[in-house]
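Residue-level structure breakdown
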Amino acid sequence: MSRRRTHWSVPAVVLSGLLVTLVLFFLVRRSELASFDSRLERDVANCADTFGNKVDDTRLVLLALRNHFVSSKEVSRGEFASFTGPFLKERTEIKALSWNPAVARTQRVPFEERGRREVNPGFALTERGASGVRVPAGERPFYYPVWYIEPMADNGKAVGFDVGSDPVRLAALERARDTGQPVSTERIKLVQDRTSTHSVLVFYPVYAGGLPPGGVAERRGTFQGATVAVLNIEKLLQATFGDATPSGLDFDLLDLSAPQREQLLYRWSARRPGGAAWYAPLLPPSRTLVRTFEFGGRRWGMRLVPSAEYLERNAPVAYWLLLPAGALLSIFLGLYFRGLYAQREDLERLVLARTAELRSSEATLRELNAHLEERVKDRTGKLEAAIEALSQAKERAEVGSRAKSIFLAHMSHEIRTPLNAILGFSQIALHDATLTAESRHNLEIINRSGEQLLALINDVIEVARIESGSASVEHGVFELPALLEEVVAGFRDKACAKDLQLMHEPAGELPRYAAGDEKKIRHVLGDLIGNAIKFTREGGVSVRSRTGARDGRQWLEVEVEDSGPGIAPEDQERIFNAFEQGRVGEADLGGTGLGLTISRQYARFLGGDLTVRSTPGTGSCFRLILPLDQATAQQLAAALGSRPDGGSMERQPEPASAELDQELARLPLELCQLLAAAARALDKNSLLELLQSVAQSAPGVARRLRGLAESYRFDLIEELVAQAGAGERQG
């Protein structure tokens with residue numbers, strides 16, 4: 001039974017596939033042929049429309065010539081030649097343009113005499129005799145001779161020929177006269193036409209007064225003549241389509257108003273050299289399509305047939321591939337199903353064998369799973385213990401780091417006080433006039449070494465404060481241009497001492513007031529300018545500043561560019577690391593390697609950044625960008641109102657000696673005692689903290705004493721404060 005089902009399923013699948021293939025073939029064939037017929041209709045319409053438009057253009061030329069005669073009182077032979085010349089040069093299908101006046105029998109003699117005067121002495125009205133030779137025109141009521149004709153070189157012999165002597169031409173001319181519309185003749189054979197070509201004449205009537213009258217009798221009475229165009233049909237088609245068959249379509253141009261045997265005007269055929277394509281029997285049969293249109297009062301038509309080339313290029317043949325493809329697919333499907341049944345039997349036998357094997361190995365798998373679960377639990381416990389140990393070690397390291405940073409940040413006073421004493425006593429000793437040169441030299445070394453050590457300690461403590469998170473941003477109002485000028489001015493003496501130029505070049509007008517941390521900005525700018533002067537031997541240092549808007553905020557951008565030795569590319573990021581310098585700094589000028597570290601941390605702490613670009617041998621350019629908050633009216637009013645000078649934020653000049661004495665005399669006795677004690681203890685930090693409260697009531701004294709403290713002249717500070725305290729007690 002199983003073999004029979006397999007046997008009958010294969011032909012069933014094959015027959016079903018063949019049936020589907022046939023149905024699909026006829027559906028696709030009908031769709032493809034419908035699409036081809038639509039395209040053929042479109043190409044035929046385009047071909048007919050193109051020829052119709054060309055015929056209309058030619059008719060417009062004749063209309064223009066007719067309107068020229070209507071609008072002119074009299075047209076001379078020269079005017080006719082100049083008017084028709086451009087048309088004849090542009091349109092090769094027009095063999096000739098002429099003016100044929102209507103000459104009554106009574107006017108024949110005067111007309112011929114005029115022709116002898118203007119044309120040639122032998123001028124006469126002529127017609128073509130039975131033998132084809134031109135003879136004098138016979139007697140008739142009206143003559144329609146060729147009077148003007150262009151091009152004259154090819155058609156000069158036609159002057160004087162009476163077109164009314166030919167029945168075909170006369171019929172078309174009289175119809176044009178009676179209708180007032182342009183009328184074309186049937187096909188005619190001109191002397192210069194080849195055997196296979198024909199021409200037509202188109203007459204456009206001209207009436208006295210311009211427009212044609214309403215009735216036939218009136219039109220005949222006012223008829224003056226006709227403008228005539230001689231069209232060569234072959235040239236007309238070539239001017240329309242060129243030498244190529246339009247869209248690959250063969251067609252016959254017909255005059256459907258003529259008798260059956262006289263209808264063919266021209267036959268356009270594209271016979272390709274060589275035989276037909278190998279798939280020609282698969283092409284659909286050709287169709288004949290006819291398009292008609294009116295020309296010169298006659299009904300013309302184009303009978304179009306797609307050529308073999310057109311069919312080979314456009315007709316669909318790909319659908320024939322469906323038959324062999326469908327047959328092959330059906331056979332393959334039959335073979336596939338046959339193999340499928342065979343595989344099914346093999347699989348059934350294989351499944352039975354593998355099922356027995358799986359049952360035997362199931363117990364082994366259970367044992368392996370149990371062992372694997374135990375190993376996973378063991379490894380998971382070890383991993384969790386390792387993670388816990390790493391976490392604890394990380395926490396201990398972070399605690400130690402924070403403890404170190406907090407210790408250094410809180411030990412600033414205890415560490416710097418002994419150094420201040422060393423610096424203060426060395427400064428006092430340097431003012432002793434009895435010192436020997438060697439002792440003075442040794443004291444200067446002690447003083448410089450102490451200042452370097454104090455700067456190093458200050459930098460280390462500042463880095464620790466930043467790392468511990470104890471640093472904070474001070475928001476205050478300051479004058480931005482004054483800040484930049486003060487920082488630059490503070491380094492002019494150092495620059496002059498090294499014969500360097502130090503320039504500040506602000507780009508545009510900077511905002512006068514800004515809100516931010518003035519102290520940190522001043523520190524970063526001072527560090528950058530100091531480094532630039534330090535590492536520059538010749539040339540100069542340029543400080544460029546400008547502000548701009550970005551992301552809805554105002555930003556300050558300062559560039560400090562020097563003409564120093566430059567920084568190697570591998571050092572341009574390393575110099576911002578703590579205790580690291582570039583090779584030039586390490587080799588030549590020394591330093592702690594913390595200045596740029598603090599400056600970049602300050603810049604990023606304030607929301608900006610500090611970067612460098614440098615080319616070894618040409619110099620370096622450090623670029624500082626910082627966000628600036630616009631000082632609000634409230635902040636500005638509070639800052640101005642808190643100043644004792646009545647609101648001006650400009651730096652005040654040093655007060656005169658009398659003013660300084662008065663401010664010192666107004667200091668409270670207790671404050672004077674605290675200042676004197678700090679000076680005796682050489683405690684610079686305590687002095688600077690006390691002077692902050694003094695600045696509120698005695699800004700001149702605060703500035704003077706702060707300058708002395710920076711110079712470690714604690715002896716002068718103690719003397720001035722002691723005099724002020726004594727004066728108050730006497731008062």
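Residues numbered from 1 in each chain as written. Predicted model: local features only at pLDDT ≥ 70, side-chain atom pairs only at ≥ 80, totals over all residues. Heavy atoms only, no water.

1. A short note on the overall build of the chain
Assigned secondary structure in the chain consists of 22 helices and 20 strands. Evaluated residue by residue, the chain yields a buried proportion of 40% over its 731 residues. Once local pairs closer than 6 in sequence are excluded, the contacts in the chain between residues at least 24 apart make up 69%. Accessible surface, the chain as shown: approximately 41,100 Å² in total, 56% of it carbon and sulfur. (Helix = DSSP H or I, 4+ residues; strand = E, 2+ residues; numbered from the N terminus. Buried < 20%, exposed > 50% of the residue type's maximum accessible area, 1.4 Å probe, protein only. Contact = heavy atoms within 4.5 Å. Areas by Shrake-Rupley, 256 points an atom, 1.4 Å probe, with all protein chains shown as cover.)

2. Quick word on unusual backbone geometry
Backbone torsion omega between glutamate 150 and proline 151 reads 0°, so that peptide bond is classified as cis. Despite not being glycine, aspartate 499 shows a phi value in the positive range, around 55°. Tracing the backbone through its elements, the reader meets aspartate 499 in the loop between α13 (492–497) and β15 (501–506).

3. Some details on helix α2 (residues 77–90)
With 14 residues, α2 extends 20 Å between its outermost C-alpha atoms, agreeing within 8% with the 20 Å of an ideal straight helix rising 1.5 Å per residue. A maximum bend of about 35° is found in α2 at threonine 84, where proline proline 86 lies one to four positions downstream. Every buried residue of α2 is listed here: Phe80, Thr84 and Leu88. (Expected span 1.5 Å × (residues − 1). Bend = angle between axes of the 7 residues up to and from the residue.)

4. Some thoughts on the side chain of threonine 240
Position of threonine 240 among the secondary structure elements: in helix α7 (residues 233–241). For threonine 240, a relative accessible area of 15% translates into the label buried. A polar atom in the side chain of threonine 240 sits 2.8 Å from the backbone oxygen of leucine 236. If we skip the residues at most four places from it in the chain, threonine 240 touches Thr50, Phe51 and Lys54. (Polar contact = N/O pair within 3.5 Å; in protein donor to acceptor, adjacent residues only side chain to side chain.)

5. Observations concerning the sheet that holds strand β17 (residues 540–550)
Read from one edge of the open sheet, five strands run β15-β17-β18-β20-β19, paired in mixed fashion. Sheet topology places β15 and β19 (609–615) at the edges, where each strand pairs with a single neighbour. The mean angle between the axes of side-by-side strands here comes to 15°, regardless of whether they run parallel or antiparallel. Sheet analysis places β15 next to β17, joined by six bridges and oriented parallel. Note that in β17 the partner of histidine 504 across the bridge is valine 543. Strands in contact with helix α16 (residues 595–605) are β19 and β20 (619–628); relative to β19, the strand with the most contacts, it is inclined by about 130°. (Pairing = 2+ DSSP bridges. Axes fitted to C-alpha atoms, helices over the stretch in contact; angles between N-to-C directions.)

6. Topic: the packing of aromatic side chains
Taken as a whole, this structure holds 17 aromatic pairs when the rule is applied. For the pair phenylalanine 295 and tryptophan 300, a centre-to-centre distance of 4.5 Å together with 50° between the ring planes defines the contact as tilted. With respect to burial, phenylalanine 295 and tryptophan 300 carry one shared label: buried. An angle of 70° between the planes, with centres 6.4 Å apart, marks the rings of phenylalanine 576 and phenylalanine 622 as edge-to-face. Note that phenylalanine 576 is positioned in the loop between β18 (553–562) and α15 (583–589) and phenylalanine 622 in strand β20, a separation of 46 residues in sequence. With respect to burial, phenylalanine 576 and phenylalanine 622 carry one shared label: buried. One aromatic cluster in this structure is built from Phe69, Phe80, Trp99, Phe111, Phe123, Trp147 and Tyr148. Against the face of tryptophan 555 rests arginine 550, its NZ or CZ located 4.3 Å from the ring centre. (Phe/Tyr/Trp six-rings, centres within 6.5 Å; stacked < 30°, edge-to-face > 60°. Lys NZ or Arg CZ within 6 Å of the ring centre and 35° of its normal.)

7. Brief notes about the confidence of the model for the chain
With 84% of its residues at a pLDDT of at least 70, the chain reaches an overall mean of 81. Segment residues 644–656 is flagged for pLDDT under 50; beyond a separation of four residues in sequence, or across chains, it makes 26 contacts in the model. (pLDDT = per-residue confidence, 0-100.)

8. Description of the pattern of salt bridges
Side chains bearing opposite charge may pair, as long as their charged atoms lie close to each other. Tallied over the full model, the rule gives 39 salt bridges. Of the charged contacts, one joins arginine 298 and aspartate 255 as a salt bridge, the two residues approaching to 2.8 Å between their closest N and O atoms. With arginine 298 in strand β13 (residues 298–306) and aspartate 255 in strand β10 (residues 249–255), this pair connects stretches of sequence that are 43 residues apart. Taken together, the shared-partner salt bridges connect Asp37, Glu41, Arg287 and Arg291 into one network. (Salt bridge = Lys/Arg side-chain N within 4 Å of Asp/Glu carboxyl O.)

9. Section: the sheet that holds strand β1 (residues 94–101)
Sheet architecture is open: five strands sit in the order β6-β1-β9-β8-β7, paired in antiparallel fashion. The open sheet has two edge strands with one neighbour each: β6 (148–150) and β7 (183–184). Where β1 lies against strand β9 (residues 223–232), seven bridges are found, and the strand directions are antiparallel. Bridge assignment links isoleucine 94 to a residue of β9, and that residue is leucine 231.

10. A few points about the packing of helix α20 (residues 684–697) against helix α21 (residues 699–710)
One way to put it is that α20 packs onto α21 with a least axis distance of 7 Å and a crossing angle of 165°. The orientation of α20 relative to α21 falls into the category roughly antiparallel. As for how α20 packs across α21, the hand of that crossing is left-handed. Here Lys684, Leu688, Leu691, Val694, Ala695 and Ser697 of α20 lie close against α21, whose contacting residues are Pro699, Val701, Ala702, Leu705, Arg706, Ala709 and Glu710. Class assignment of the residues belonging to the contact of α20 with α21 gives a composition of nine nonpolar, one polar and three charged. (Parallel < 35°, antiparallel > 145°, perpendicular 65-115°, else oblique. Left-handed = near helix turned anticlockwise from the far one by under 90°. Nonpolar A, V, L, I, M, F, W, Y, C, P; charged D, E, K, R; others polar.)

11. Describing the pairing of strand β16 (residues 513–516)
Neither face of β16 is open: one carries Tyr513 and Ala515, the other Ala514 and Gly516, and all of them are buried. Taken together, the four bridges between strand β14 (residues 476–479) and β16 define a ladder with antiparallel strand orientation. The residue bridging glutamate 479 from the neighbouring strand is tyrosine 513, located in β16.

12. Regarding the packing of helix α19 (residues 669–680) against α20
It is at 9 Å that the axes of α19 and α20 come closest, and there the two elements cross at 155°. Taken as axis vectors, α19 and α20 run roughly antiparallel relative to one another. For the element pair α19 and α20, the recorded crossing hand is left-handed. Where α19 abuts α20, its residues Leu671, Leu674, Leu675, Ala678 and Ala679 lie against Ser686, Leu687, Leu690, Leu691, Ser693 and Val694. Taken together, the residues of the contact of α19 with α20 break down into nine nonpolar, two polar and no charged.

13. Concerning the nonpolar core
Residues Phe51, Phe203, Leu237, Leu253, Trp300 and Met302 are the most contacted members of the largest nonpolar core, which totals 72 residues. In terms of residue count, the dominant contributor to this core is helix α1 (residues 2–71) (11 residues). If you look at the next biggest cluster of nonpolar residues, it comprises 39 residues, including Ile533, Leu596, Leu606 and Phe622. (Core = buried A, V, L, I, M, F, W, Y, C linked by side-chain atoms within 4.5 Å.)

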